[in-house]
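Geometric and topological summary
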Amino acid sequence: MKTEITRLLGIEYPIIQGGMAWVAEYHLAAAVSEAGGLGIIGAANAPAEWVRWQIRETKKLTDKPFGVNVMLMSPHAEEVAEAAAREGVKVITTGAGSPEKYMKMWKNAGIKVMPVVASVALAKRMERCGADGVIAEGCESGGHIGETTTMALVPQIADAVNIPVIAAGGIADGRGIAAAFMLGAKGVQMGTRFIVTQECRVHENYKEMVLKAKDIDTRVTGRTTGHQVRALRNNMTGEYLKKEAEGASLEELELLTLGGLRRAVVDGDVKNGSVMSGQCAGLVKEKMTCKDLIQRLAEETEKLLKGFSYDE
Ligand code: TUI
């Protein structure tokens, strides 16, 4: 599975672990990188001090490349952007905005930068300002999402830019990875599938809920506020959507989600917390180690791509 992405990042498999807020901490990132993928530490809303500590702990567990995801809506985005560069991180991904103002600093530090984008326009802007690749994230993803599906977004972005495209959103097995290559991607990013791994430190209740989820079990809150977030349906999404339909204010709606992800990930309150997950949760059926998972994904993908026939 050697592609432009494995060569660019110096990794074995073109499989990147999503920089999931609260979920993507150093145990998971190190395990994914050790298994030959690219592990990512999700900085989310954390301060730079936390990110520095996470980077140092990851380095104790692996010599392989790993990355940091800078969530651009964070109040700490600027200090995190600087800390990641100073700590010698090899790869930076970004989410929930445009990282244009940090690009020069990161490129001067020799970092490979791959912004997550949800539109052709932002992908083109990222190419112009020096991105090494873009992660095209469809709205099947968990967490904060855009408007367009992976199936429609990835080929449109692949046509629009000359840098490698990584597909994200709705991918959980070798079929999804093979399909992503057919759409023009040179790699994939997966989040939901990595939540249910041995090394992922989220509360067991969270993993159980992903394992039990069916195809129709996610909901998108915040369509009226512009902060669309996909999560597994529970009391919180039910109440949020009811209030949203009644025209509740932004402040009132934010009260329902504030700290909700932490509540689900850390406290295991999967009824009232925010259990962010992609639509592919229904494909996640067993807990594995990151090594076994990546091996299996590679085998499934290679088998499909090698012996492809219309009839099988
Ligand atoms: O960022 C994500 N996923 C996330 S961030 C997050 S933390 C959070 N929680 C609640 C509310 C808000 C944030 C949880 N999940 N994925 C990458 C992504 N980026 N998806 C969509 C976008 C995006 C959207 C609009 C990127 C850029 C953009 O417009 C920027 C511009 O200037 O055009």
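The following paragraphs examine the structure supplied in this document. (Residues numbered from 1 in each chain as written. Predicted model: local features only at pLDDT ≥ 70, side-chain atom pairs only at ≥ 80, totals over all residues. Heavy atoms only, no water.)

**Overview of the overall build of the protein**
Quick reminder of the rule: To qualify as a helix, a DSSP run of H or I must reach at least 4 residues; to qualify as a strand, a run of E must reach at least 2; elements of each kind are numbered from the N terminus. What the globule rule says is 2.2 Å times the number of residues to the power 0.38, and the radius of gyration is computed from C-alpha atoms. The contact rule is simple, with two residues in contact once any of their heavy atoms fall within 4.5 Å. The Shrake-Rupley method, run with a 1.4 Å probe, gives the accessible areas here. Residue values count only the displayed protein chains as cover. Charge assignment: positive for Lys and Arg, negative for Asp and Glu; neither His nor the chain ends contribute. One atom stands in for each charge, and that atom is NZ of Lys, CZ of Arg, CG of Asp or CD of Glu.
In terms of regular secondary structure, the protein is built from 14 helices and 11 strands. Here the C-alpha atoms of the protein give a radius of gyration of 18 Å, agreeing with the 20 Å that 2.2 N^0.38 yields for 312 residues. When its C-alpha atoms are laid out on the principal axes, the protein stretches across 50 × 50 × 40 Å. Across the protein, contacts joining residues at least 24 apart in sequence account for 61% of those joining residues at least 6 apart. Counting only carbon and sulfur atoms, one obtains 51% of the accessible surface of the protein, whose full area is about 13,900 Å². In the protein, the 38 positive side-chain charges and the 39 negative ones have mean positions that sit 2 Å from each other.

**As for the pairing of strand β9 (residues 187-190)**
The condition is simple: Only protein chains enter the accessibility calculation, which uses a 1.4 Å probe; a residue whose area is less than 20% of its type maximum is buried, one above 50% is exposed, and one in between is partly exposed. Strand pairing is assigned whenever DSSP detects at least two bridges linking the two strands. Crossover handedness is defined here as right-handed if the route from the first strand over the helix to the second strand goes clockwise, with the strands pointing away from the viewer.
The alternating pattern of β9 places G187 and Q189 on one face and V188 and M190 on the opposite face, and all of these are buried. Sheet analysis places strand β1 (residues 15-17) next to β9, joined by three bridges and oriented parallel. Within the sheet, the bridge partner assigned to Q17 lies in β9 and is M190. As judged from the three bridges shared by strand β8 (residues 165-168) and β9, these two strands associate in the parallel manner. Across the sheet, residue I166 finds its bridge partner in β9, namely G187. Between the parallel pair β8 and β9, the chain is carried across by helix α8 (residues 174-182), and the sense of this crossover is right-handed.

**Focus on the pattern of salt bridges**
We count it as follows: Basic side-chain nitrogens of Lys or Arg form a salt bridge, by our definition, when they fall within 4 Å of a carboxyl oxygen of Asp or Glu.
Per the counting criterion, the structure on display carries 17 salt bridges. With a closest N to O distance of 2.6 Å, D173 and R175 form a salt bridge. Several salt bridges share partner residues, and in doing so they unite E204, K207 and K287 into one network.

**What to know about helix α3 (residues 48-61)**
What counts here: By this rule, a helix spans an expected 1.5 Å times one less than how many residues it contains.
An ideal rise of 1.5 Å per residue puts 20 Å on 14 residues; α3 measures up with 20 Å between its terminal C-alpha atoms. Of the surrounding secondary structure, the elements contacted by the buried residues of α3 are α2 (26-34), β2 (39-42), β3 (66-71) and α4 (77-86).

**Let's talk about the sheet that holds β9**
Applicable threshold: Under this scheme, a helix contributes an axis fitted over its contacting stretch, all axes are lines through C-alpha atoms, and angles between N-to-C directions fall in the 0 to 180 degree range.
Spatial ordering of the open sheet is given by β1-β9-β8-β6-β5-β4-β3-β2, a layout of eight strands whose pairing is parallel. In this open sheet, the two edge strands, each paired with only one partner strand, are β1 and β2. The mean inter-strand angle of the sheet, taken between neighbouring strand axes irrespective of direction, is 25 degrees.

**Quick word on the site of the ligand**
To keep things clear, this is the line we draw: Note on definitions. A residue lies near a molecule or strand when any single heavy atom of the residue is within 4 Å of it. Polar contacts here mean pairs of N or O atoms no more than 3.5 Å apart (in protein, one a potential hydrogen donor and the other a potential acceptor; neighbouring residues in sequence count only if both atoms are side-chain atoms).
If you check the shell around the ligand, you find 14 residues, and the closest are M73, A96, V116, E137 and H144. Note that a nitrogen atom of the ligand is positioned 3.0 Å from one of the backbone N or O atoms of A96. In the environment of the ligand, a nitrogen atom lies 2.9 Å from a nitrogen or oxygen atom belonging to the backbone of H144. In the complex, 71% of the free accessible area of the ligand, which totals 720 Å², lies under the protein chains. Mapped by element, the contributors of at least two residues to the shell around the ligand are α6 (120-128) and β7 (143-144).

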